[in-house]
Amino acid sequence: IHPNTMTVLSFLLSLGVAAVLATGRLSLGGWLLAVVAPIDAIDGALARLIGKRSRFGAFLDSTLDRLSEAALVVGLVVHFLQQEAIVEIVLSSLALTGAILVSYTRARAEANGFSCKVGVLTRLERTAVLVIGLILGWPTVALWVLAVGSNLTALQRIVHVYRLSRQGEMETLGDVDANRYM
């Protein structure tokens with residue numbers, strides 16, 4: 001099995017979980033997500049194991065990871081729209097915005113030469129929060145954690161990159177000139 005095939009399979013399974021969430025079967029969706037989510041980690045491990053790592057594969061994985069996460073949130077939004085649950089719809093929107101920002105800040109940081117894997121709520125933790133919240137019947141609590149935590153993580157990454165960039169600027173200015181800018 002090619003690693004990219006596993007990536008696409010994981011994405012398609014996530015779409016299935018999103019459909020289950022959209023129908024309001026949140027606990028079932030949580031259990032299914034608990035089974036489906038680990039499949040996403042297999043593609044990278046498989047690529048390393050069989051020597052099929054590629055830049056396109058990494059790109060495809062990242063892209064479909066974002067789409068998978070968005071699909072899950074959209075599935076929840078569809079359910080909450082039917083329930084007219086405005087708070088949950090807003091929280092879902094904030095959670096999705098934060099998740100996108102977490103990914104974007106890392107991608108932009110790395111494109112500019114900075115390492116940026118910091119933060120309290122990376123994708124693994126976001127998935128765990130969602131799984132636990134859905135299984136336990138606490139979707140609103142999970143959405144609060146996701147909305148606040150993912151946006152906080154994006155902010156942590158912005159501050160992290162700012163500090164790294166300032167540190168690099170100070171190093172290039174030299175000790176004497178750097179004191180003027182502190």
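Reading guide: rules and limits
Residues numbered from 1 in each chain as written. Predicted model: local features only at pLDDT ≥ 70, side-chain atom pairs only at ≥ 80, totals over all residues. Heavy atoms only, no water. Patch = residues over 30% accessible without salt bridge, like charges linked within 9 Å, V, L, I, M, F, W, Y side chains within 5 Å. Areas by Shrake-Rupley, 256 points an atom, 1.4 Å probe, with all protein chains shown as cover. Salt bridge = Lys/Arg side-chain N within 4 Å of Asp/Glu carboxyl O. Helix = DSSP H or I, 4+ residues; strand = E, 2+ residues; numbered from the N terminus. Buried < 20%, exposed > 50% of the residue type's maximum accessible area, 1.4 Å probe, protein only. Lys, Arg positive; Asp, Glu negative; His and termini not counted. Contact = heavy atoms within 4.5 Å. Core = buried A, V, L, I, M, F, W, Y, C linked by side-chain atoms within 4.5 Å. Axes fitted to C-alpha atoms, helices over the stretch in contact; angles between N-to-C directions. Parallel < 35°, antiparallel > 145°, perpendicular 65-115°, else oblique. Nonpolar A, V, L, I, M, F, W, Y, C, P; charged D, E, K, R; others polar.

### Re a nonpolar patch on the surface
Then, in step 1: A cluster of nonpolar side chains, namely V120, L152, L155, I158 and V159, defines an oily patch on the protein surface of about 400 Å² accessible area.
Then, in step 2: As for its placement among the helices and strands, V120 is situated in the loop between α4 (86-111) and α5 (123-135).
Then, in step 3: A residue is classified by how much of its surface remains accessible, and V120, at 44% relative accessible area, is partly exposed.

### Section: the side chain of D61
Then, in step 1: Tracing the backbone through its elements, the reader meets D61 in helix α3 (residues 55-83).
Then, in step 2: We note that D61 is buried and unpaired, the nearest opposite charge coming from R123 at a distance of 6.3 Å.
Then, in step 3: For D61, the residues in contact, after removing those within four places along its chain, are T7, D40 and D43.

### Comments concerning the nonpolar core
Across soluble globular proteins, nonpolar side chains have a tendency to be buried as a group.
Then, in step 1: By size, the foremost hydrophobic cluster in this structure holds 21 residues, and its most contacted members are L21, L72, L76, F80 and L130.
Then, in step 2: Of all the secondary structure elements, the ones that give two or more residues to this core are α1 (3-22), α2 (26-50), α3, α4, α5 and α6 (139-173).
Then, in step 3: Sort the elements by how many residues they give to this core and α3 lands first, with four residues.
Then, in step 4: Ignoring anything within four residues of it in the chain, the contact list for L21 reads L26, G29, L72, G75, L76, H79 and L134.

### Details of the packing of α2 against α3
Then, in step 1: Between α2 and α3, the shortest axis-to-axis distance is 12 Å and the interhelical angle comes to 175 degrees. Taken together, the axis directions place α2 and α3 in an arrangement best described as roughly antiparallel. Listed contacts from α3 to L26, L33, D40 and D43 of α2 are D61, D65, L72, L76, H79 and F80.
Then, in step 2: Residues belonging to the contact of α2 with α3 are distributed by class as follows: five nonpolar, one polar and four charged.

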